[in-house]
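# Geometric and topological summary
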Amino acid sequence: MTKMMEKYLDMMVSVLLGIGIFLFWYLAYPHALSYHEQYQLFLWSSDYFWQRLSLPGGLADWLGEFIVQFYYVECLGALLLALLFVALQRLTEEVAGALGRLRTPAPTIISLLLVALLWWMMGDVNLLLSWPVAVVLALALCLIRMPKRVSLADAVIVPVAYWLIGPAVWIYVIVRSLQWGWRHLWTAGWLVAVQIAAYAWLLPQWQLERVMTGLTYYRIPLHYPHLKGYDQDMYELIRLDYLVRHERWDDIVKRAREYQVRTPFWSNCVNLALAEKRLLADRMFDFYQSGEDALIMPRVRDLTSMLPTAEAFWRLGMVNSAQRYMFDTQESILTGRKSGRCTRRIAECMIVNGHYATAAKQIDLLKKTLFYRSWAKEAKAMLGDENKINAHPVYGKLRKLRYKENFLYSYEEIDKMLGLLFMNNPENKMALDYFMGQMLLKGNIQGFQQYMSWVQQYGGYRQMPLGYQDAMRCIQARGNVPGSAYGAYVKRMVERRSE
């Protein structure tokens, strides 16, 4: 009866753990799942599989990416993560129990501590799922029962396991040594020799440090996970990017009232949401503005910063700039992976511009995926059909909004580019709002006053927007307007420049 109760309690612990992890990711951090999914492009092809297995830890990497592709649907991603961590907990409990012949609840406590540690480590957004997967595979390997007399089989098992799951095989080596005593310590030296040999003969292009500690566990080379948990500001920016990706403009504005992160990324996301709701002219300065880069950021070579600006370019009709920012973002993924989100947007930009041959190459990649496949098939059927593209609610509209000629420009001229974009098509009210907003951000008072006639003629407002009224009062009173949102922004910019 006691054993049955212990088994029942163990099962209840696992079930409750799984439910807790599922709810954590699905309800509290779905944006984190989206963040990881958008920086890989899992292809259902044998070439992709063998490419992953060409490096140590390749199987764990492939399995991790296999799971991450389901993050596209948050409930599926959260469910698979819950199952993975339940497997981690159960395997750790089995290994701990086998090691020390410990009685319940000691193995359960040990297993929960390991789960808590990995769960906390996953707060580092650059930690890849291949690491928890590799730990699970290493623990599963520990449960293979082998008599001591065949322990020499580890001479084969260790190098094979190293190539499949990476340096996480050290878990297996340590557990076996604890089980069989000091005579089995030779496997530790053998594993070191295997890693050095792999570096010398197969992986000379990689740093030895990465070969020894893992090529596929972390997104940034020569960096390692920090036990820093879930940084609130970082995850708030990830949340905003997630909401932008899914065009949830009301949620962005609501969230901006509750919590702000004083960065250009935050300002870009909030301003885009305001523009989509036609509230930018009225409420822009009710929210934090980072400066001249609050609407459109300059190019930053990392895998996150340019995404809201790329989305703004796309909706404004600056298609070439959207493509350039998305391409740079994808090329900044330090693991060398493609991005499903970026690849699709790059293909869409090429479709709008009529570059069908290059668009087909991107689309053919997406056809090998699970969740981008349906869109890719529709897009492939559209290539070359000018009538169908022109009738498309998004692509047809962007063809009318985009520039008629190609040219280069510098970031310092972004306000002029927005003005030209509006002159190209006066129906582009978003371009008008961004143009006027950019002049206010730069403090171009003369230009703002000069082009107020555009707002009156083409803005479509029944009355002058409240934000513009506030700016005009601030200008006329030389900034001496108590409670002025624009006046507070100007004062902050003046103080910043004087520092």
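Refer to the structure above for everything that follows.
The shown structure was predicted, so the numbers you read here are calculated from the model rather than taken from an experiment.

The next point concerns the overall build of the chain. Along its length, the chain carries 28 helices and 0 strands. When its C-alpha atoms are laid out on the principal axes, the chain stretches across 90 × 55 × 45 Å. The burial tally for the chain puts 50% of its 499 residues in the buried class. In the chain, the share of contacts with a sequence separation of at least 24, taken over all contacts with a separation of at least 6, comes to 68%. Looking at the chain as shown, the accessible area adds up to about 24,000 Å², and 59% of this sits on carbon and sulfur atoms. Here the chain carries 55 positive and 43 negative side-chain charges, and the mean point of each set is 4 Å from the other.

A separate point is the environment of Gly-447. Its location among the elements puts Gly-447 in helix α25 (residues 445–450). Taking the C-alpha atoms as reference points, Gly-447 and Trp-170, 277 residues apart in sequence, are found 65 Å from one another.

For the rest of this paragraph, the subject is the environment of Val-270. Structurally, Val-270 is set in helix α14 (residues 264–276). Judged by relative accessible area, which is 1%, Val-270 ranks as buried. Residues Val-270 and Phe-287, 17 residues apart in the sequence, show an inter-C-alpha distance of 8.1 Å. Once you skip the residues sitting within four places of it in the chain, Val-270 turns out to touch Ile-252, Ala-256 and Phe-287.

Enumeration according to the criterion identifies 38 aromatic pairs in this entry. With a centroid separation of 5.2 Å and 55° between ring planes, the pair formed by Phe-285 and Tyr-489 is classed as tilted. With a gap of 204 residues between them, Phe-285 in the loop between α15 (280–283) and α16 (307–316) and Tyr-489 in helix α28 (residues 485–498) connect regions that are remote in the sequence. Tyr-489 gets classed as buried once you look at its relative accessible area, which sits at 4%.

A few words on the side chain of Arg-52. Inspection of the secondary structure assignment puts Arg-52 in helix α3 (residues 46–52). What makes Arg-52 buried here is its relative accessible area of 10%. In this structure Arg-52 touches Gly-58, Asp-61, Trp-62, Glu-65 and Arg-337, once residues within four positions along its chain are discounted.

Once that is clear, we can look at empty space enclosed by the protein. Enumeration according to the criterion identifies 3 cavities of 30 Å³ or more in this entry. By volume, the largest cavity is sized at about 200 Å³. Lining of the largest cavity is provided by 16 residues; of these, Gln-40, Val-68, Leu-128, Leu-129 and Arg-219 occupy positions nearest its centre. Examining the composition of the lining of the largest cavity, we find that 4 residues originate from one element, helix α4 (residues 58–68), more than from any other. As for the second largest cavity, its lining consists of Glu-37, Gln-40, Leu-41, Phe-42, Gln-69, Thr-369, Leu-370, Phe-371 and Tyr-372.

Let us now look at helix α7 (residues 130–142). When the terminal C-alpha atoms of α7 are compared, their 18 Å separation across 13 residues agrees well with the 18 Å that a helix rising 1.5 Å per residue should span. Across the 13 residues that make up α7, a large majority, 10, are buried. Taken residue by residue, α7 has Ser-130, Pro-132, Val-133, Ala-134, Val-135, Val-136, Ala-138, Leu-139, Leu-141 and Cys-142 as its buried positions.

Roughly 740 Å³ of internal volume is contained in the largest pocket. Along the walls of the largest pocket sit 30 residues, with Glu-247, Glu-311, Trp-314, Arg-315 and Arg-345 positioned nearest its centre. Only α2 (30–37), α14, α16, α18 (340–353), α22 (395–401) and α24 (429–442) provide two or more residues apiece to the lining of the largest pocket. Within the lining of the largest pocket, the residues separate by chemical class into 11 nonpolar, 4 polar and 15 charged.

Another aspect to go through is a nonpolar patch on the surface. Nonpolar side chains collect at one region of the surface, where Met-5, Tyr-8, Leu-9, Met-11, Met-12, Val-15, Leu-16, Ile-19, Leu-23, Tyr-26 and Leu-27 lie side by side and expose about 1,000 Å² of accessible area between them. Mapped onto the elements, Leu-16 comes out in helix α1 (residues 2–28). On the basis of relative accessibility, which here comes to 54%, the residue Leu-16 falls in the exposed class.

A separate point is the packing of α14 against α16. Put simply, α14 and α16 touch, their axes get as near as 9 Å, and they point 25° apart. With respect to their mutual orientation, α14 and α16 come out roughly parallel. Judged by the sense of rotation from one axis to the other, the crossing of α14 with α16 is left-handed. Contacts between α14 and α16 involve Phe-265, Asn-268, Cys-269, Leu-272 and Glu-276 from the former and Pro-308, Thr-309, Glu-311, Ala-312 and Arg-315 from the latter. Looking at the contact of α14 with α16 residue by residue, the class counts come to 5 nonpolar, 2 polar and 3 charged.

Applying the stated criterion across every chain, the model contains 28 salt bridges. When the shortest N-O distance is used, the salt bridge between Arg-255 and Glu-236 registers 2.9 Å. Of the two residues, Arg-255 is situated in helix α13 (residues 249–258) and Glu-236 in helix α12 (residues 232–245); the sequence distance between them amounts to 19 residues. Given a relative accessible area of 23%, Arg-255 falls into the partly exposed group. Classification of Glu-236 as buried rests on a relative accessible area of 2%. A salt bridge links Lys-277 to Asp-250; the shortest N-O distance between them is 2.3 Å. One end of the pair, Lys-277, is in the loop between α14 and α15; the other, Asp-250, is in helix α13, with 27 residues separating them in the sequence. The exposure class assigned to Lys-277 is partly exposed, which follows from its relative accessible area of 32%.

Peptide bonds are trans in most cases, and residues, glycine excluded, mostly fall at negative phi. Its identity as a non-glycine residue notwithstanding, Glu-247 has a phi of 55°, on the positive side. Following the sequence through the fold, Glu-247 ends up in the loop between α12 and α13. The backbone of Arg-278 sits at a positive phi, close to 60°, despite the residue not being glycine. As for its placement among the helices and strands, Arg-278 is situated in the loop between α14 and α15. Given the relative accessible area of 26%, Arg-278 is considered partly exposed.

Contact pair helix α23 (residues 414–424) / α24: the axes reach a minimum separation of 8 Å and the direction vectors enclose 155°. Between α23 and α24, the angle falls in the class roughly antiparallel. Considering the relative orientation of α23 and α24, their crossing is left-handed. Where α23 approaches α24, its residues Ile-414, Asp-415, Leu-418, Gly-419, Leu-421 and Phe-422 are matched on the opposing element by Ala-431, Leu-432, Tyr-434, Phe-435, Gln-438 and Lys-442. The class makeup of the residues in the contact of α23 with α24 is 8 nonpolar, 2 polar and 2 charged.

Parameters and conventions
- Residues numbered from 1 in each chain as written.
- Predicted model: local features only at pLDDT ≥ 70, side-chain atom pairs only at ≥ 80, totals over all residues.
- Heavy atoms only, no water.
- Helix = DSSP H or I, 4+ residues; strand = E, 2+ residues; numbered from the N terminus.
- Buried < 20%, exposed > 50% of the residue type's maximum accessible area, 1.4 Å probe, protein only.
- Contact = heavy atoms within 4.5 Å.
- Areas by Shrake-Rupley, 256 points an atom, 1.4 Å probe, with all protein chains shown as cover.
- Lys, Arg positive; Asp, Glu negative; His and termini not counted.
- Charge placed at Lys NZ, Arg CZ, Asp CG, Glu CD.
- Phe/Tyr/Trp six-rings, centres within 6.5 Å; stacked < 30°, edge-to-face > 60°.
- 1 Å grid on protein atoms, 1.4 Å probe; cavity = no way out; pocket = protein on both sides within 12 Å on 5 of 7 lines; lining within 4 Å.
- Points joined across faces, edges and corners; volume = space filled by probe spheres on them.
- Expected span 1.5 Å × (residues − 1).
- Nonpolar A, V, L, I, M, F, W, Y, C, P; charged D, E, K, R; others polar.
- Patch = residues over 30% accessible without salt bridge, like charges linked within 9 Å, V, L, I, M, F, W, Y side chains within 5 Å.
- Salt bridge = Lys/Arg side-chain N within 4 Å of Asp/Glu carboxyl O.
- Axes fitted to C-alpha atoms, helices over the stretch in contact; angles between N-to-C directions.
- Parallel < 35°, antiparallel > 145°, perpendicular 65-115°, else oblique.
- Left-handed = near helix turned anticlockwise from the far one by under 90°.

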